[in-house]
Amino acid sequence: MQKWECPCGYIYDPETGDPDNAVAPGTAWEDVPGKWVCPLCGAEKESFSVAN
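Describing unusual backbone geometry
Piece 1. The backbone of Ala22 sits at a positive phi, close to 65°, despite the residue not being glycine.
Piece 2. Residue classification places Ala22 among the exposed residues on the basis of a relative accessible area of 72%.

Take a look at the structure:
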């Protein structure tokens, strides 16, 4: 699955998800809730881009 990067450098990896913020491991990017924000800087999901 594709990883996504926040401008602050945080990488969302679908394999690990973000369990501390109610995103279970194995959750694809398109299935991450729209209200979810970066756990490091609070950026909205729309701010992320595909990680290289």
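We are not done yet, so read on.
Considerations on the sheet that holds strand S1 (residues 4-5)
Piece 1. As summarised here, the arrangement of the three strands in space is S2-S1-S3, forming an open sheet in which the pairing is antiparallel. Strands with a single pairing partner mark the edges of an open sheet, and in this sheet they are strand S2 (11-12) and strand S3 (49-50).

Focus on the nonpolar core
Piece 1. Counting ten residues, the largest nonpolar core is built from Cys6, Tyr10, Tyr12, Val23, Trp29, Val32, Trp36, Cys38, Ala43 and Phe48.
Piece 2. Beyond its immediate chain neighbours, meaning those up to four positions away, Trp36 contacts Tyr10, Tyr12, Asp18, Asn21, Val23, Trp29, Lys45 and Phe48.

Comments concerning the side chain of Asp18
Piece 1. With respect to the helices and strands, the residue Asp18 is situated in the loop between S2 and S3.
Piece 2. Buried within the structure, Asp18 lacks any salt-bridge partner; its nearest side chain of opposite charge belongs to Lys45, at an N-O separation of 12 Å.

Some remarks on the side chain of Asp13
Piece 1. Among the secondary structure elements, Asp13 is positioned in the loop between S2 and S3.
Piece 2. Its relative accessible area of 17% is what places Asp13 among the buried residues.

Observations concerning the environment of Val23
Piece 1. As for its position among the elements, Val23 is in the loop between S2 and S3.
Piece 2. In sequence terms Val23 and Gly34 are eleven residues apart; their C-alpha atoms lie 11 Å from each other.
Piece 3. Beyond its immediate chain neighbours, meaning those up to four positions away, Val23 contacts Tyr12, Gly17, Asp18, Val32, Pro33 and Trp36.

A look at the pattern of salt bridges
Close approach of charged atoms allows side chains with opposite charge to pair.
Piece 1. Enumeration over the complete set of coordinates arrives at one salt bridge.
Piece 2. Of the charged contacts, one joins Lys3 and Asp13 as a salt bridge, the two residues approaching to 3.7 Å between their closest N and O atoms. You can see Lys3 sitting in the segment before S1 and its partner Asp13 sitting in the loop between S2 and S3, a full ten residues away along the chain.

Examining the state of the cysteines
Piece 1. Tallying each qualifying case throughout the model produces zero disulfides.
Piece 2. Free cysteine: Cys8, not disulfide-bonded; nearest cysteine sulfur from Cys6 at 3.7 Å.
Piece 3. Cys8 sits in the partly exposed class, given a relative accessible area of 39%.
Piece 4. The cysteine Cys41 is free of any disulfide, with Cys6 supplying the nearest cysteine sulfur at 3.6 Å.
Piece 5. Owing to a relative accessible area of 45%, Cys41 belongs among the partly exposed residues under this scheme.

Cut-offs used in this document
- Residues numbered from 1 in each chain as written.
- Predicted model: local features only at pLDDT ≥ 70, side-chain atom pairs only at ≥ 80, totals over all residues.
- Heavy atoms only, no water.
- Buried < 20%, exposed > 50% of the residue type's maximum accessible area, 1.4 Å probe, protein only.
- Pairing = 2+ DSSP bridges.
- Helix = DSSP H or I, 4+ residues; strand = E, 2+ residues; numbered from the N terminus.
- Core = buried A, V, L, I, M, F, W, Y, C linked by side-chain atoms within 4.5 Å.
- Contact = heavy atoms within 4.5 Å.
- Lys, Arg positive; Asp, Glu negative; His and termini not counted.
- Salt bridge = Lys/Arg side-chain N within 4 Å of Asp/Glu carboxyl O.
- Disulfide = S-S within 2.5 Å.

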